[in-house]
Structures are given as C-alpha cells and as structure tokens.
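Reading the structure
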Amino acid sequence: YMIKKIFKKLKNEKGITGQDLIIAIFILMMFLVLIFSVYANIKSLSYEIRMNARAADTASKIAEKLYALEYDDPLFCTTESTYSKTLTTEELRNDYGVTGLNSKIYQVNFKINKLKFDTDETNYDLTKEIIIQVKYDLKGDFENADATEIKLVRDRDVARIEDEIEILNGSGSEKVLRQVE
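Conventions and cut-offs
- Residues numbered from 1 in each chain as written.
- Predicted model: local features only at pLDDT ≥ 70, side-chain atom pairs only at ≥ 80, totals over all residues.
- Heavy atoms only, no water.
- Helix = DSSP H or I, 4+ residues; strand = E, 2+ residues; numbered from the N terminus.
- Buried < 20%, exposed > 50% of the residue type's maximum accessible area, 1.4 Å probe, protein only.
- Contact = heavy atoms within 4.5 Å.
- Areas by Shrake-Rupley, 256 points an atom, 1.4 Å probe, with all protein chains shown as cover.
- Arc of directions from axis to C-beta.
- Polar contact = N/O pair within 3.5 Å; in protein donor to acceptor, adjacent residues only side chain to side chain.
- pLDDT = per-residue confidence, 0-100.
- Salt bridge = Lys/Arg side-chain N within 4 Å of Asp/Glu carboxyl O.

Structural notes on the overall build of the protein chain
Secondary structure summary: the protein chain contains 3 helices and 7 strands in total. In sequence order, the protein chain lays out its α and β elements as α-α-β-α-β-β-β-β-β-β. Out of the 181 residues belonging to the protein chain, those deemed buried represent 27%. Pairs at least 24 apart in sequence give 55% of the contacts found in the protein chain among residues at least 6 apart. If you sum the accessible surface of the protein chain, you get close to 13,400 Å²; carbon and sulfur atoms cover 55% of it.

Laid out in structure tokens, this is it:
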C-alpha cells in the first residue's frame, strides 16, 4: 500500500521546483570547475613543454656551431682554465643563428673548462669541456629556473707513441719530446 502511494505521488509532480534548480546549478558548477581546471593544467603543461623544446633547440644549435669550430679557435683560447659567458640576443642571432628568444624568459650561458694533461715541465691543453646551458622561467628568475644543458668534450688530435706525445695540429704536427709517465 505504501509503495502505491509513493508511485502515485511521483506521477503527480509537475514542473521544476526551486530546490531542483539549485541542485542542478550546483552540479553544473562542480563540473565546470573540474573541466576548467583540467583545461588550465593542460594549457600550462603544453606551454612549459614548448619552452623546454625551444631551450633544447637553442642549446643544440649552439652546440652544433661550437662543435664545428677548430680546437684552437679564438673562442676556445682563453688564458683561464674556466671561462663562462652569458650570451646576449644579438650574439645569439649573429653568431649562432638563433632568433626570437625573449631575454626576459630565456638565459643562455656557456662555459669552457680546460682539462690539462701534465708532463714534466709543461701543461698541455689537450681537452676542453664545453657546457651550454639554456635557462627559462616566465618570471625571469634565473636562479631557480628550469634549464636544458648540453655538454661537449673536444679533444685535440693526439697520438701517443711509446713514451712520447705527438700533438697533431690541423696542417702539420708538432712533436713534443717529453717523457710521459
């Protein structure tokens, strides 16, 4: 008997009440917030991926240009054992063919470490480690920024024959008659 009354009451309801409308709007708002937050996260992530791809592309372009240079190129011949430089947008455009980088978002640094080989009397510069680092941050805070880094190691052409070292230069060779330990 009770079930019949409930079915009869359900059949007699007509229209939407204020309570139904409030519940519907609340559910709709929850789904809209969820959809909007997912959209915002996807948009932010895709922008970050594009920034990272641009940084990697810039670092690889610079690495290709630096790797094509001769070992004794003036860029690599510094008196310090470690040389660091932050590249400007003009240097990036003119020297490395990189255009369109916003200097407020991206910072490009490269560092050259000379690794020495000790002989009896003289240190010979035989290996250089080149580190190219592209930092990026929307706020320009490069201290805590994400970075893409590429390391290159350039070796001078060297032949070791018994206890002597022969340093091979581009056109000819220079024999160094020092004992190698």
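What about helix α3 (residues 89–96)?
Among the residues making up α3, those that are buried are Glu91, Leu92 and Tyr96. Take α3 and look down its axis: the buried residues cluster within an arc of 100°, on one side only. Immediately downstream of α3, the backbone of Gly97 shows phi near 70°, a positive value.

Some words on the environment of Glu48
Mapped onto the secondary structure, Glu48 falls in helix α2 (residues 18–68). Counting along the chain gives 88 residues from Glu48 to Tyr136, while the straight-line C-alpha distance between them is 9.5 Å.

With respect to the side chain of Asn113
Among the secondary structure elements, Asn113 is positioned in strand β2 (residues 106–118). There is a polar contact of 3.3 Å between the side chain of Asn113 and the side chain of Thr82. When sequence neighbours within four positions are dropped, the list of residues in contact with Asn113 reads Ser81, Thr82, Thr127, Lys128, Glu129 and Ile131.

Some details on the confidence of the model for the protein chain
Residues with a pLDDT of 70 or more make up 71% of the protein chain, whose mean pLDDT is 75. Predicted confidence for residues 160–181 stays below pLDDT 50, and this span has 48 contacts to residues more than four positions away or in other chains.

A word on the pattern of salt bridges
Taken as a whole, this structure holds 2 salt bridges when the rule is applied. Where Asp57 meets Lys61, a salt bridge forms, and the shortest distance between an N and an O atom there is 3.9 Å. Residue Asp57 and its partner Lys61 are both found in helix α2; the two are separated by 4 residues, about one turn of the helix. What makes Lys61 partly exposed here is its relative accessible area of 33%. When the shortest N-O distance is used, the salt bridge between Lys85 and Glu91 registers 2.6 Å.

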